[in-house]
Amino acid sequence: MTQRALDPSGDEPNGSHGPPGNGRPVMIDAGSELDPVHPVGLPERTPAAGGGGLTAAEVAERIARGEVNDVPVRSSRSVTEIVRANVLTRFNLIIGVLWVIMLCVAPIQDSLFGFVIIANTGIGIVQEWRAKKTLDGLAVVGEAKPTVRRDGVAAEISTSEIVLGDLVELGPGDKVVVDGTVAEADSLEIDESLLTGEADPVLKRAGDPVMSGSFVVAGGGAFAATKVGREAYAAQLAEEASRFTLVQSELRSGISTILKYVTWMMIPTALGLIISQLVVKDNNFKESVARTVGGIVPMIPEGLVLLTSVAFAIGVVRLGRKQCLVQELPAIEGLARVDVVCLDKTGTLTEGGMDVTEVRALNGTDDPYLGRVLGALGASDPRPNASLQAIIDAYPPPDGKGWHVTQALPFSSARKYSGAAFDEGDGQASSWLLGAPDVLLPEEDPALAEIEQLNQQGLRVLLLARTEGSLDDPGAAAGAVPSALIVVEQRLRPDAGETLAYFADQRVATKVISGDNAVSVGAVAAKLGLPGAEHTLDARKLPTDPDAMATAMEENAVFGRVTPQQKREMVAALQSRGHTVAMTGDGVNDVLALKDADIGVSMGSGSEATRAVAQIVLLNNSFATLPSVVAEGRRVIGNITRVATLFLTKTVYSVLLAVLVVCFQVEYPFLPRHLTLLSTLTIGIPAFFLALAPNKERAHPHFVRRVMRYAIPSGTIAAVATFVTYLIARHHYAGSGALDAETSAATLTLFLVSMWVLAIIARPYTWWRICLVAAMGLAFLVVLVVPWLQDFFALKLVGTTMPWTAVGIAVIASAALEYAWRLVSRRFPV
């Protein structure tokens, strides 16, 4: 069986000439026209599943027995899970009980908070359902389709259609989707590191087991499925990799921490408030219950979780429209925190297509003969990658009955070359190596100086060399005789320069990590305007000490001749210096680094293995989509931090007001309707718009500290100002209706202070932010002046002295807010 010669210059295939798995290894049967001399290197066979695979009747029989790999791979929660997650929450339970109580003892105006919760929950369900539809649709587009042989015909089918005993073909970059036993092998090397942690590929022979979740790094073959469905490890791996999830996120865990502390504060405070209102003051029972509930409800930041879910869900929908599949939801947040992006050159900075611009013969090799050799090398590979495809386009296969493949050497990222041996006919035989010149040539070879000049122009150079030994000899390259230099020009992505400029503008360091020659990669990066492209380093000279490697990584921007294990070590070195690292890739040599990076980004046309481990898959294969993902993440993180401060300011002032009421033994100043109105105008409506607004601010860590350092002083100032107004009003008003007048004055102060908090959070101002704040103020004014709204919300300012006093106290409190925010920013920076 011939073997696909992976990119000899050092890069893995990027699949630019078709989706992974389209091409299939060609089997060379002993005694066939292609193999008259029983050459070495033939595929091993086993009768498992038969050479032609199962018959249609056998497939139908297995389907009837339920021996099908029908485990559903869901990209999102089911509709039932979405409804349950949004409805059955701790705070919904608390508010639901309080709502039922209020419906029994108070007018409908005091039960409005319950209808708000129903609306919020409905919004959350609808938005996550929209995100589910988007993710499910994208997951189908990005689904890996293995090649299965049935009735002697190979065809791509869905993973869920594989049955027990199916013969599944394998090629470089393919993922083993179910457990099985090798039936055919041609230098088949499988990386099982995702299962065992061992980085070295394992050479597989006929009869050897293969585990789902592993992937092919070299060679080809086929295996018979022995475990399908939930018995296969791949079902669990794929489902976990593609699930829509809200866990393992600093934002989510931070909000959970805040809610836990809120619960602890709320329970004793609520108990004290109940005792104070029902026992100590001995008020009218229904009035006491209403004011008690009015004190408990605003302690709950019920909209914070909703807005976080909505912001993430809308982010998924927005990115889905740009053909970006977010396999793990926190990836949106994670990429917003990234400060180093590691890029592979091929398929990222350059397009998959290449062109042979020149072939320079060495050591007197005949040009026509070179053409036949290159044509034969191209024809020997049924799944050519970009650089070999360029050779195929330039050199057709040789005519005649000669040039039969007798041995194939798969490409190895460690070797940096591949090879093939041919029977040329007329008793002539030859063996050839194609790969990186600086690997195949000794350091003192004069041709390297010529190659260096070509690399400095950003050209890729491959060396064709003839060897006399066996291809699988570890020293096959030592005695190879150089025959030609193949100069290949890569096509730059038209949008790559703008993308690199975006990252530079956002202070995100870009590191180009490639298997190509470092000088050549640096020249390509320089053409695209990469900052620091002149700082190149050959990875073979990288120090092995992790700290020294981290220093080299920070000081240089372009790295060449990088092995897969080195990519993994580079990511770890950067992470050791506190960097948040994103890694992009599309070839099997990128899998380990993608898995270890904080965020793994795969191209949609990349190998099945890279798509399985990546958190983000760019289905349109466009590196230019990454800025959109970063921007979406920053929008979510920055805006949720803003609105969380609004919600928690309300929680803080609600708890403190309740404590002050208990300590001073007075009636709670508000009914639920008052705080429902305030929450809607100063938090609910503004937070919804602010959470979805554009935000380019770079994400910062320590979410809880960043939020609480502003929420605590803001809530404290609001509570003190409101309670001072309430105490003054209690001395100012007397007689029937005094409590309503006192409540109205306190409500005015609390609204004005809360509006100032909103005004601070809305900065920097834009026209729509100013309009938003102004509209909320105007809405409250309408409530104060329209008679039926006054009655509905029980808000009526009495006289002029107390209302103006309330305004004056609010002004003083707003000045204190400005001072506190500036002091916190200086004294407690995060």
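Residues numbered from 1 in each chain as written. Predicted model: local features only at pLDDT ≥ 70, side-chain atom pairs only at ≥ 80, totals over all residues. Heavy atoms only, no water.

## As for the sheet that holds strand 10 (residues 340–343)
At step 1: Pairing is mixed in the open sheet, where 8 strands are placed in the order 9-22-21-20-10-17-19-18. Across the chains shown, the open sheet's two edge strands, defined by having one partner strand only, are strand 9 (324–326) and strand 18 (536–538). Averaged over neighbouring strand pairs, the angle between their axes works out to 20° when direction is ignored.
At step 2: In this sheet, strand 22 (residues 616–618) lies alongside strand 21 (residues 599–603) in parallel orientation, the contact comprising 3 bridges. Pairing of V601 across the sheet is with I616, part of strand 22.
At step 3: Together, strand 17 (509–513), strand 18 and strand 19 (558–560) form the strand contacts of helix 16 (residues 518–527), whose direction differs from that of strand 19 by roughly 145°. (Pairing = 2+ DSSP bridges. Helix = DSSP H or I, 4+ residues; strand = E, 2+ residues; numbered from the N terminus. Axes fitted to C-alpha atoms, helices over the stretch in contact; angles between N-to-C directions. Contact = heavy atoms within 4.5 Å.)

## Things to note about empty space enclosed by the protein
At step 1: Tallied over the entire structure, the rule returns 5 cavities of 30 Å³ or more.
At step 2: Quantified by volume, the second largest cavity comes out at close to 60 Å³.
At step 3: As for the second largest cavity, its lining consists of L646, T649, K650, Y653, T682, I683, S754 and V757.
At step 4: Elements represented by at least two residues in the lining of the second largest cavity include exactly helix 21 (626–664), helix 22 (672–691) and helix 24 (738–761).
At step 5: The dominant element in the lining of the second largest cavity, judged by the number of residues it contributes, is helix 21, at 4 residues. (1 Å grid on protein atoms, 1.4 Å probe; cavity = no way out; pocket = protein on both sides within 12 Å on 5 of 7 lines; lining within 4 Å. Points joined across faces, edges and corners; volume = space filled by probe spheres on them.)

## With respect to the packing of helix 21 against helix 24
At step 1: Helix 24 packs onto helix 21 with a crossing angle of 155° between their chain directions and a minimal axis gap of 10 Å. Regarding the angle of helix 21 to helix 24, the classification is roughly antiparallel. Here helix 21 runs over helix 24; the crossing is right-handed. For the pair helix 21 and helix 24, contact is made by R642, T645, L646, T649 and Y653 and by L750, S754, V757, L758 and I761, respectively. (Parallel < 35°, antiparallel > 145°, perpendicular 65-115°, else oblique. Left-handed = near helix turned anticlockwise from the far one by under 90°.)

## What about the pairing of strand 4 (residues 167–170)?
At step 1: Burial along strand 4 is two-sided: the residues L167 and E169 and V168 and L170 are all buried.
At step 2: Relative to strand 4, strand 2 (residues 147–150) runs antiparallel, the two sharing 3 bridges. Bridging from a neighbouring strand, V148 pairs with V168 of strand 4.
At step 3: Alignment of strand 4 against strand 8 (residues 215–227), held across 4 bridges, turns out to be antiparallel. The residue of strand 8 that forms the bridge with E169 is A222. (Buried < 20%, exposed > 50% of the residue type's maximum accessible area, 1.4 Å probe, protein only.)

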